[in-house]
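Listed here are the chains, written in short residue letters.
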Amino acid sequence: MQHAVGSPLPPPHQPGHGPGPAAAGSQAQPQPGAPGFTGAPHHPPVPPPHPHPPVPPHRDTTGHVQLPPGGPVAVPSPPPAQAHADPSATTLAVLLIGPAGAGKTSVAKYWAECRRVPTAHISLDDVREWVRSGFADPQTGWNDNSEAQYRLARRTCGFAARNFLANGISCILDDAVFPDRPVVGLGGWKRHVGPGLLPVVLLPGLEIVLERNAQRSGNRRLTDEEVARIHGRMAGWYGSGLPIIDNSQLDVAGTAQVLDDVLARAIASPPQW
């Protein structure tokens, strides 16, 4: 027999290694079930055992905590009759409003750190400056790009505040909200956070905000003319019905104490805005 070049040759038959070509006079071995078969009975293969069921995660394992979703923040419930509202032990969403140099961020940080319940502080300016490349600085002019980034930062702050409140963490936000500009007004904050947001205005005298602004650096420092213009527009909050704190003669701790007093009254009788 000839084989193609490169094709393997069949191995030669060796005695004791299975039947070779059928030889004359050889007998076929009886098959199982045929008369004369004396081999062991055939058993079907045993399937492998089932794997062990998965072990549930240990109770201290991270990544398995179910967080409730955030929703609109509701108006705080007033205290029972003849009971004094304690804002330091109540879960709240607070918006601190004021011009540049009013002390919003310093007071908000201090107030958040000194409360008896978990409290977060979110500054809109900090969130807005998350944009590193292509940051639209409002000081260079208010345009469509700077307005879009402001709106995005405000929406991000509102989303964070909702989730903090849904998980039992109070939140204080700060922003320079103008009373005469709806685009940066209270309506957007109420829409993104919820009707339970409590706005409070910090409005010290002009000489105070000028002095504090002079201590700033980078893009947070404004010109004196811009500070005076913003402060004048913030005066529009007088007569709005919102609580206003003149912290001209108060330090950070004293302002935070007055803020607690204002919030206690707001919890007992939520402002209409």
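Chains are numbered independently. Their residues run from 1 in the order of the written sequence. Given that the model is predicted, a residue must reach a pLDDT of at least 70 before its local features are reported, and side-chain atom pairs must reach 80 or more before they are shown or counted; all residues, however, enter totals for whole chains, interfaces and linings. Just so you know, side-chain values use all the structure's heavy atoms and leave hydrogens and water out.

Only DSSP runs of H or I reaching four residues or more are called helices, and only runs of E reaching two or more are called strands; each is numbered from the N terminus. For the protein chain, the count of helices and strands is 7 helices and 5 strands. Counted from the first residue to the last, the protein chain has its helices and strands arranged as β-α-β-α-α-β-α-β-α-α-β-α. The rule is simple: take the accessible area with a 1.4 Å probe, protein chains only, and divide by the maximum for that residue type; under 20% is buried, over 50% is exposed, in between is partly exposed. Evaluated residue by residue, the protein chain yields a buried proportion of 34% over its 273 residues. Taking all contacts inside the protein chain whose residues are at least 6 apart in sequence as the whole, residues at least 24 apart take part in 78%. Only the protein chains shown count as cover for residues, and the accessible areas themselves come from Shrake-Rupley with a 1.4 Å probe. Summed over its atoms, the accessible surface of the protein chain is roughly 17,200 Å², and 58% of this surface lies on carbon and sulfur atoms. Pairs of residues are marked as contacts when any of their non-hydrogen atoms sit within 4.5 Å.

Here the focus is the packing of helix H3 (residues 144-166) against helix H4 (residues 186-193). The geometry of H3 relative to H4 is characterised by a closest axis approach of 8 Å and an angle of 40 degrees between their N-to-C directions. Classified by the interaxial angle, the pair formed by H3 and H4 is oblique. Judged by the sense of rotation from one axis to the other, the crossing of H3 with H4 is right-handed. Residue-level inspection shows Tyr150, Arg154, Arg155, Cys157, Gly158, Phe159, Ala161 and Arg162 of H3 in contact with H4, the latter providing Gly188, Trp189, Arg191, His192 and Val193. Residues of the contact of H3 with H4, tallied by class, amount to 6 nonpolar, 3 polar and 4 charged. The axes are straight lines fitted to the C-alpha atoms, using for helices just the contacting stretch, and the angles between their N-to-C directions are given from 0 to 180°. The cut-offs work like this: below 35 degrees is roughly parallel, past 145 is roughly antiparallel, 65 to 115 is roughly perpendicular, and the gaps in between are oblique. A clockwise turn of the near helix away from the far one marks a right-handed crossing, whereas an anticlockwise turn of less than a right angle marks a left-handed crossing. Residue type decides the class: Asp, Glu, Lys and Arg count as charged, Ala, Val, Leu, Ile, Met, Phe, Trp, Tyr, Cys and Pro as nonpolar, and the leftover types, Gly among them, as polar.

General note: in soluble globular proteins, nonpolar side chains tend to be found buried as a group. Buried Ala, Val, Leu, Ile, Met, Phe, Trp, Tyr and Cys residues form a nonpolar core when they are joined through side-chain atoms within 4.5 Å. Counting 31 residues, the largest nonpolar core has Leu95, Ile97, Leu173, Trp189 and Trp237 as its most contacted members. With 5 residues, the top contributor of residues to this core is H3. Residue contacts for Trp189: discarding those within four places in its chain leaves Leu95, Leu124, Tyr150, Arg154, Cys157, Gly158, Leu173, Asp175, Val177, Gly194 and Leu197. Counting residues in each nonpolar core, the second largest holds 21 residues, with Leu96, Val107, Ala112 and Leu263 among its members.

Turning next to the environment of Ala74. Looking at the element boundaries, Ala74 is found in the segment before strand S1 (93-97). The class of Ala74 is exposed, set by a relative accessible area of 56%. Separated by 119 residues in the primary sequence, Ala74 and Val193 have C-alpha atoms spaced 9.1 Å apart.

When you tally the buried positions in strand S3 (residues 170-175), you get 6 out of 6 residues, the bulk of the element. Neither face of S3 is left uncovered, since the one carrying Ser170, Ile172 and Asp174 and the one carrying Cys171, Leu173 and Asp175 both have all their residues buried. Pairing analysis gives 5 bridges linking strand S2 (residues 119-123) to S3, with the strands arranged parallel. Counterpart to His121 in the pairing with S3 is Ile172. Strand pairing follows a simple DSSP-based rule, namely that at least 2 bridges must link the two strands.

This next bit is on the sheet that holds S2. With parallel pairing, the 5 strands of this open sheet are ordered in space as S2-S3-S1-S4-S5. Two strands lie at the open edges of the sheet, namely S2 and strand S5 (244-245), each paired on one side alone. This element, helix H1 (residues 104-113), spans S1, S2, S3 and strand S4 (198-202) of the sheet and lies at about 165 degrees to S2. Of the strands in this sheet, S1, S3, S4 and S5 touch helix H7 (residues 252-268), which is tilted by about 145 degrees from S4.

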